[in-house]
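Descriptive analysis of the structure
The primary structure of each chain is shown beneath.
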Amino acid sequence: MIATLQCTVIDCPDPAALAAFYGEILGWRVDDSDPEWATLTAADGRQLAFQLAPDHRPPRWPDPAHPQQVHLDFDVATRADAERAQRELIGLGATFLHDSGGERAGFRVFNDPAGHPFCICYGQMEQS
């Protein structure tokens, strides 16, 4: 091993706003004290960070001329949970893009408020 992963950093036009958006999804603590950088931290120390990119040009999923570059997947247990999540995400400022249509397992694609695609996956979590 050469190193350990510190965090994933996402470019965006408003780090505090995008950190707040993902903070609502994950329930992680937001530190937006720096106007050019915001960090989300989980109770176990995992981090996701947001960096100011004044000239940010959002991807246009699924347009290959403007690729997504990176995206986040979030798990919920069931399709009903995905439907609930969709309502909440749209309320937070996400834009719905696509539903894979699976009854027991699948995913729904959204854009975050800065235009990054992300997925709510359902029926894919390991059952205990």
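Cut-offs applied
- Residues numbered from 1 in each chain as written.
- Predicted model: local features only at pLDDT ≥ 70, side-chain atom pairs only at ≥ 80, totals over all residues.
- Heavy atoms only, no water.
- Helix = DSSP H or I, 4+ residues; strand = E, 2+ residues; numbered from the N terminus.
- Rg over C-alpha atoms; globule rule 2.2 N^0.38 Å.
- Buried < 20%, exposed > 50% of the residue type's maximum accessible area, 1.4 Å probe, protein only.
- Contact = heavy atoms within 4.5 Å.
- Areas by Shrake-Rupley, 256 points an atom, 1.4 Å probe, with all protein chains shown as cover.
- Lys, Arg positive; Asp, Glu negative; His and termini not counted.
- Charge placed at Lys NZ, Arg CZ, Asp CG, Glu CD.
- 1 Å grid on protein atoms, 1.4 Å probe; cavity = no way out; pocket = protein on both sides within 12 Å on 5 of 7 lines; lining within 4 Å.
- Points joined across faces, edges and corners; volume = space filled by probe spheres on them.
- Nonpolar A, V, L, I, M, F, W, Y, C, P; charged D, E, K, R; others polar.

The protein chain goes by VOC family protein in an unreviewed UniProt entry, where it is assigned to Streptomyces asiaticus subsp. ignotus.

Secondary structure summary: the protein chain contains two helices and eight strands in total. Helices and strands in the protein chain line up, N terminus first, as β-α-β-β-β-β-α-β-β-β. Radius of gyration (C-alpha) of the protein chain: 15 Å, near the 14 Å computed for a compact globule of 128 residues. Projected onto its principal axes, the C-alpha coordinates of the protein chain cover approximately 40 × 35 × 35 Å. The burial tally for the protein chain puts 35% of its 128 residues in the buried class. Contacts in the protein chain between residues at least 24 apart in sequence constitute 49% of all its contacts with a sequence separation of at least 6. Accessible area for the protein chain stands at about 8,000 Å²; split by element, carbon and sulfur atoms hold 50% of it. Here the protein chain contributes 9 positively and 19 negatively charged side chains, and the mean placements of these two sets differ by 7 Å.

It is worth spelling out the layout of surface pockets at this point. Rolled over the atoms, a probe sized like a water molecule indicates the empty space that remains. As a volume, the largest pocket reaches approximately 300 Å³. As for the largest pocket, its lining consists of 13 residues, of which Leu-26, Trp-28, Arg-46, Leu-48 and Phe-74 are closest to the centre. Residue assignment for the lining of the largest pocket shows that the elements contributing at least two residues are strand S4 (47-52) and strand S5 (72-76). The biggest single contributor to the lining of the largest pocket is S5, with four residues. In the lining of the largest pocket, the residues fall into seven nonpolar, three polar and three charged.

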